[in-house]
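# Tertiary structure, described
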Amino acid sequence: MKQIGGLLAFFGVGSFVLNMLGREFSLLMWIDSWGPTTGTIIRVALVVVGAALWFYGNKQEAD
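The paragraphs below set out a description of the structure included in this document. (Residues numbered from 1 in each chain as written. Predicted model: local features only at pLDDT ≥ 70, side-chain atom pairs only at ≥ 80, totals over all residues. Heavy atoms only, no water.)

## Observations regarding the overall build of the protein
Looking only at helices and strands, the protein features two helices and zero strands. Structurally, the protein occupies a C-alpha span of about 40 × 15 × 15 Å along its principal axes. A total of about 4,500 Å² of accessible surface is found on the protein, and carbon and sulfur atoms cover 70% of it. Of the side-chain charges in the protein, 4 are positive and 4 negative, and the distance between the mean point of each set is 4 Å. (Helix = DSSP H or I, 4+ residues; strand = E, 2+ residues; numbered from the N terminus. Areas by Shrake-Rupley, 256 points an atom, 1.4 Å probe, with all protein chains shown as cover. Lys, Arg positive; Asp, Glu negative; His and termini not counted. Charge placed at Lys NZ, Arg CZ, Asp CG, Glu CD.)

## Thoughts on the side chain of Ser 15
Residue position: Ser 15 is located in helix H1 (residues 2–20). Judged by relative accessible area, Ser 15 falls into the buried class, the value being 0%. In contact with Ser 15, not counting residues within four places along its chain, are Glu 24, Phe 25, Leu 28, Ile 31 and Arg 43. (Buried < 20%, exposed > 50% of the residue type's maximum accessible area, 1.4 Å probe, protein only. Contact = heavy atoms within 4.5 Å.)

Put into C-alpha cells, the structure is as follows:
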C-alpha cells in the first residue's frame, strides 16, 4: 500500500511540475482532455489519495 501511495503522489506532483513546463507524462495525457480545471482537480486527487495511502501503509508497517 505504501508503494502504490508513493507512486500516485509522485505522479501527481510530477504532473503538476511538468504541466507548468508545458509537458506531461505519457500515461497521464488524458487528464487535460476535460479542461484545465478538471485536470488540476485530478492532479490534486492523485496527490491526496497517494499521500493518504502512503501514510496508512507506513502506519501498518509500524504496527
